[in-house]
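# Structural overview
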Amino acid sequence: MQRRRAPDAYAGAEAERSQARFAPEEVPTHVAIIMDGNGRWAEGRGLPRLAGHRAGTENIRPVARCFAEYGVKHLTLFAFSTENWTRPEDEVTGLFDLLADVIEIQTRELHREGVRLRHLGRLDRLPDSLQASIESSVAMTKDNDGFELSIAFDYGGRDEILQAVRRLLAAGVAPDDLDEAKLSQHLYTYGVPDPDLIVRTAGEMRLSNFLLWQGAYAEHYVTNACWPDFDRAEAIRALEAYRGRRRSFGGVLRDNTD
Ligand code: FPP
């Protein structure tokens, strides 16, 4: 009788073959994702929008694990924007509850895996209990030096720059002393390298106020898949697209034969 390979072993071997096709320098250090299309995913199935957001929490771990296996060091997820407050109240509070659940259920395991959690955005407008659980998960994992997972929640790029400028003015920084490095120190992402690749799901081609400063030279990748359908295969397709890009950062690309 012919022996069958266990599905897991097969997936592992496939994954290894696929990873081997990437040289380390072909893998983005930092991937940032605009997780769009949860509402459309839910509506297409006759479900309430929140069911789409809930489904969109379930692929976070496998997608993060996939990127980590390929050598990505930082993953940033845009989960709630400064503009999302205008959504119906039950959707807003539903998103707060989902973040609280994700933190409660996943922080200890992520901590055991050496993952450092970060929060990007404003804390002051979130419910007290959510602020406390964000702060405790960030504090618990702060010394981890493995993969870094940043959740942008009540985050807006313009607001981030505005808050940074306010802090600089309050500190009395003179105009001539202000430079890009100093401003960067006051952004939520201080210490995190700029994103190399910004992925957006559900086919939209907009930044929507995400990482405006940090994304100056990021490569963009858009997939039609709604966020809950963004799986390992989608993540690998995004990495493959990135590998094909030639980045000049405003300079001139020369090949090695010059
Ligand atoms: C955009 O889809 C998605 C959001 C505004 C929320 C993203 C949130 C999650 C994936 C779940 C929560 C995640 C964490 C980490 C708590 P949309 O609602 O705009 O979709 P649509 O454009 O199809 O309506």
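You'll find the structure just up there.
Predicted model, so just to flag it, every value in this text is computed and none were measured.

## Focus on a negative patch on the surface
Among the surface-exposed residues, Asp-176, Asp-177, Asp-179 and Glu-180 lie close enough to one another that they form a single negatively charged patch. The topology assignment puts Glu-180 in helix α8 (residues 180–184).

## Comments concerning the environment of Gly-39
By secondary structure assignment, the location of Gly-39 is in helix α2 (residues 38–43). Of the residues examined, Gly-39 reaches a relative accessible area of 7% and is grouped as buried.

## Description of the sheet that holds strand β6 (residues 219–222)
Taken in spatial order, the six strands of this open sheet run β3-β4-β2-β1-β5-β6, and their pairing is parallel. Here the strands that pair on one side only, and so sit at the sheet edges, are β3 (116–120) and β6. When strand polarity is set aside, the average angle formed by the axes of neighbouring strands in this sheet is 20 degrees.

## Quick notes on helix α5 (residues 89–112)
The terminal C-alpha atoms of α5 lie 35 Å apart, and with 24 residues this matches the ideal 34 Å at 1.5 Å per residue to within 8%. Largest kink in α5: about 50 degrees, centred on Gln-106. By the burial criterion, the buried members of α5 are Glu-91, Val-92, Gly-94, Leu-95, Phe-96, Leu-98, Leu-99, Ile-103, Gln-106, Thr-107 and Leu-110. If you follow the buried residues of α5, they end up packed against α3 (49–58), α4 (60–70), β2 (74–81), β3, α6 (128–141) and β4 (148–155). Remark: Gly-114 follows α5 within two positions and exhibits a positive phi of approximately 80 degrees.

## Describing the state of the cysteines
Here the structure, examined in full by the defined rule, presents zero disulfides. Residue Cys-66 stays outside any disulfide, its sulfur separated by 19 Å from that of Cys-226, the closest cysteine. A residue is classified by how much of its surface remains accessible, and Cys-66, at 0% relative accessible area, is buried. Cys-226 gets classed as buried once you look at its relative accessible area, which sits at 15%.

## Remarks on the site of the ligand
Around the ligand, the structure places 17 residues, and the nearest of them are Met-35, Gly-39, Arg-40, Arg-49 and Arg-87. Arg-49 is positioned such that a nitrogen or oxygen atom in its side chain is 2.8 Å from an oxygen atom of the ligand. For the ligand, the accessible surface in isolation is 620 Å², of which the surrounding protein chains cover 92%. Secondary-structure elements contributing two or more residues to the shell around the ligand are α2, α3 and α5. In terms of residue count, the dominant contributor to the shell around the ligand is α3 (four residues). Its residues assigned to classes, the shell around the ligand shows six nonpolar, seven polar and four charged.

About the thresholds
The residue count restarts for each chain, going from 1 along the sequence in the order it is written. Per-residue local features of the predicted model are confined to residues with pLDDT of at least 70, and side-chain atom pairs are confined, for both listing and counting, to 80 or more; whole-chain, interface and lining totals are unaffected and use all residues. The side-chain quantities take in all heavy atoms of the structure and omit both hydrogens and water. Think of a patch as exposed residues, more than 30% relative accessible area, with no salt bridge, where like charges cluster within 9 Å and nonpolar side chains (Val, Leu, Ile, Met, Phe, Trp, Tyr) cluster within 5 Å. Surface accessibility follows the Shrake-Rupley procedure with a 1.4 Å probe radius. Residue values consider only the protein chains on display as shielding. What counts as a salt bridge is simple: a side-chain nitrogen of Lys or Arg found within 4 Å of a carboxyl oxygen of Asp or Glu. Note that His is not counted, nor are the chain ends; the positive residues are Lys and Arg, and the negative ones are Asp and Glu. A single reference atom marks each charge: NZ on Lys, CZ on Arg, CG on Asp, CD on Glu. Runs of H or I in DSSP of at least four residues are treated as helices and runs of E of at least two as strands, each being numbered from the N terminus. Note on classification: 1.4 Å probe, protein chains only; a residue is buried when its accessible area is under 20% of the maximum for its type, exposed when over 50%, partly exposed between these limits. For two strands to count as paired, DSSP must find a minimum of two bridges between them. Note on definitions: angles span 0 to 180 degrees between N-to-C directions of axes, and those axes are lines fitted to C-alpha atoms, for helices only across the stretch in contact. One less than the residue count of a helix, multiplied by 1.5 Å, gives the span that helix is expected to have. The quantity called bend is, for any residue, the angle between two axes fitted respectively to the seven residues ending at it and the seven beginning at it. Here, two residues are considered to be in contact whenever any of their heavy atoms come within 4.5 Å of each other. Cysteine sulfur atoms that come within 2.5 Å of each other are treated as a disulfide pair. Throughout, near means a residue has at least one heavy atom within 4 Å of the molecule or strand. The term polar contact refers here to a pair of N or O atoms within 3.5 Å; inside protein, the definition further demands a hydrogen-donor-capable atom paired with an acceptor-capable atom, and it admits residues adjacent in sequence only when both atoms are side-chain atoms. Basically, the charged four are Asp, Glu, Lys and Arg, the nonpolar ten are Ala, Val, Leu, Ile, Met, Phe, Trp, Tyr, Cys and Pro, and anything else, Gly included, counts as polar.

Geometric values such as these leave the question of function open.
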